[in-house]
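Observations on the model geometry
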Amino acid sequence: MRESGVTGIQRGVSRGLHGQIVEVMAQRILSGQIPEGATINVPELQADLGVSLTAVREALKVLTAKGLVDARQKRGTFVRPRSDWNLLDADMIRWHFDDDVRPELLEELHEVRGIVEPAAARLAALRAESTHLEALDAALEEMASAKDDLAAVDADLKFHRALLAATGNELLTKMEVIMETGLADRDRLVHKVKPSDDPLPSHKRVVDAVRSGDPAAAEAAMRELLAKAAEDLTEVRGSSSARTRGRGRRS
């Protein structure tokens, strides 16, 4: 887990002090270190982080906008119930994956993909224009030529972003906010477990069906791709459980 005090802030200078303060405070809340309903002692938090009171208050404004905290007269600043958190916010998704990834979080991501992406593939087969096909082809080319995990993850994200854009539906396109961070971290985890796995054939079948204008085939190809992703997820979960048991035996 990322350190949550002054040292944790100092080690990530490139993110900017304000952003680091926000992230440290968010991680304390997301990890339960500051639980739901708890009142936040702002001066105490400021002293603990070793930053100015103004900096802490500015960070709290960001967390308020994301639904994590609120302030009331006579009660002060407090952590809101999880049901009030803006879990679709891009930063919130990233923060959830910054810590050790909970298996259930990956499963929830897969459920969202299972609802959205087969339908997106169907629409893309009906609506994709030449520019969309070019973007999908470019993503496949990058996937084929990727020399490391970082390049492979980037190519995969470009593919899924291009597929959503090919639906011609602006609201579906915005689903990339959910997909990008979660999918990137899922990809990195899978590559650790199955570094030699080739994602190109399953993705190419989707593109071929979209290009042929066959919505049923595009949807079916995407469901096959997701079924493969589910298998990968099972392996990741098994690997994570094995590591946990190993740590337990050593403790």
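Residues numbered from 1 in each chain as written. Predicted model: local features only at pLDDT ≥ 70, side-chain atom pairs only at ≥ 80, totals over all residues. Heavy atoms only, no water.

Quick word on the overall build of the chain
Scanning the chain for helices and strands turns up 12 helices and 3 strands. Once local pairs closer than 6 in sequence are excluded, the contacts in the chain between residues at least 24 apart make up 68%. Of the roughly 13,300 Å² of accessible surface on the chain, a fraction of 52% belongs to carbon and sulfur atoms. (Helix = DSSP H or I, 4+ residues; strand = E, 2+ residues; numbered from the N terminus. Contact = heavy atoms within 4.5 Å. Areas by Shrake-Rupley, 256 points an atom, 1.4 Å probe, with all protein chains shown as cover.)

Points about the packing of aromatic side chains
One pass over the structure, following the stated rule, counts 0 aromatic pairs. Over the ring of Phe78 we find Arg75; its NZ or CZ atom is 3.7 Å from the centre of that ring. (Phe/Tyr/Trp six-rings, centres within 6.5 Å; stacked < 30°, edge-to-face > 60°. Lys NZ or Arg CZ within 6 Å of the ring centre and 35° of its normal.)

Re unusual backbone geometry
A positive phi angle is found at Lys74, which is not glycine, with a value near 75 degrees. By relative accessible area, which is 92% here, Lys74 ends up exposed. (Buried < 20%, exposed > 50% of the residue type's maximum accessible area, 1.4 Å probe, protein only.)

Notes on the pattern of salt bridges
Throughout the structure, instances matching the rule amount to 17 salt bridges. We note a salt bridge from Glu224 to Arg205, for which the minimum N-O separation is 3.8 Å. With a gap of 19 residues between them, Glu224 in helix 12 (residues 215-250) and Arg205 in helix 11 (residues 200-211) connect regions that are remote in the sequence. Given a relative accessible area of 43%, Arg205 falls into the partly exposed group. (Salt bridge = Lys/Arg side-chain N within 4 Å of Asp/Glu carboxyl O.)

Section: the confidence of the model for the chain
The share of residues in the chain with pLDDT of 70 or more is 78%, and the mean pLDDT across the chain is 84. Long-range and interchain partners of residues 1-14, a stretch whose pLDDT sits below 50, account for 27 contacts in this model, where long-range means more than four residues apart. (pLDDT = per-residue confidence, 0-100.)

What to know about the side chain of His203
Relative to the assigned elements, His203 resides in helix 11. Residue contacts for His203: discarding those within four places in its chain leaves Leu140, Met143, Asp156, Phe159, His160 and Leu225.

A few points about the environment of His132
By the element assignment, His132 lies in helix 7 (residues 130-145). Sequence-wise, His132 and Leu163 are 31 residues apart; in three dimensions their C-alpha atoms are separated by 7.6 Å. The contact partners of His132, leaving out residues within four places of it in the chain, are Arg127, Ala165 and Ala166.

Things to note about the pairing of strand 2 (residues 69-72)
Pairing analysis gives 4 bridges linking strand 2 to strand 3 (residues 76-79), with the strands arranged antiparallel. Note that in strand 3 the partner of Asp70 across the bridge is Phe78. Hairpin connection of strand 2 to strand 3: 3 residues between the antiparallel strands, including Lys74 at a positive phi of 75 degrees. (Pairing = 2+ DSSP bridges.)

Regarding the nonpolar core
The biggest cluster of nonpolar side chains holds 25 residues, and the ones touching the most others in it are Met25, Ile29, Leu49, Val56, Leu63, Leu68 and Trp95. Within the residue set of this core, elements represented by two or more residues are helix 2 (17-30), helix 3 (42-49), helix 4 (53-65) and helix 5 (90-98). For this core, the leading source of residues is helix 2, giving 7 residues. Contacts of Met25, omitting those with residues within four sequence positions, involve Leu45, Leu49, Val56, Ala59, Leu60 and Leu63. Within the second largest apolar cluster, 22 residues are counted, among which are Ala124, Leu140, Ala166 and Ala218. (Core = buried A, V, L, I, M, F, W, Y, C linked by side-chain atoms within 4.5 Å.)

Observations regarding the sheet that holds strand 2
Here 3 strands make up an open sheet; going across it, the order is 1-3-2 and the pairing antiparallel. Both outer strands of the open sheet, strand 1 (39-40) and strand 2, are each paired with one neighbouring strand and no more.

Some remarks on the environment of Ser52
Structurally, Ser52 is set in the loop between helix 3 and helix 4. Within the structure, Ser52 has its side chain in polar contact with the backbone nitrogen of Ala55 (distance 3.0 Å). (Polar contact = N/O pair within 3.5 Å; in protein donor to acceptor, adjacent residues only side chain to side chain.)

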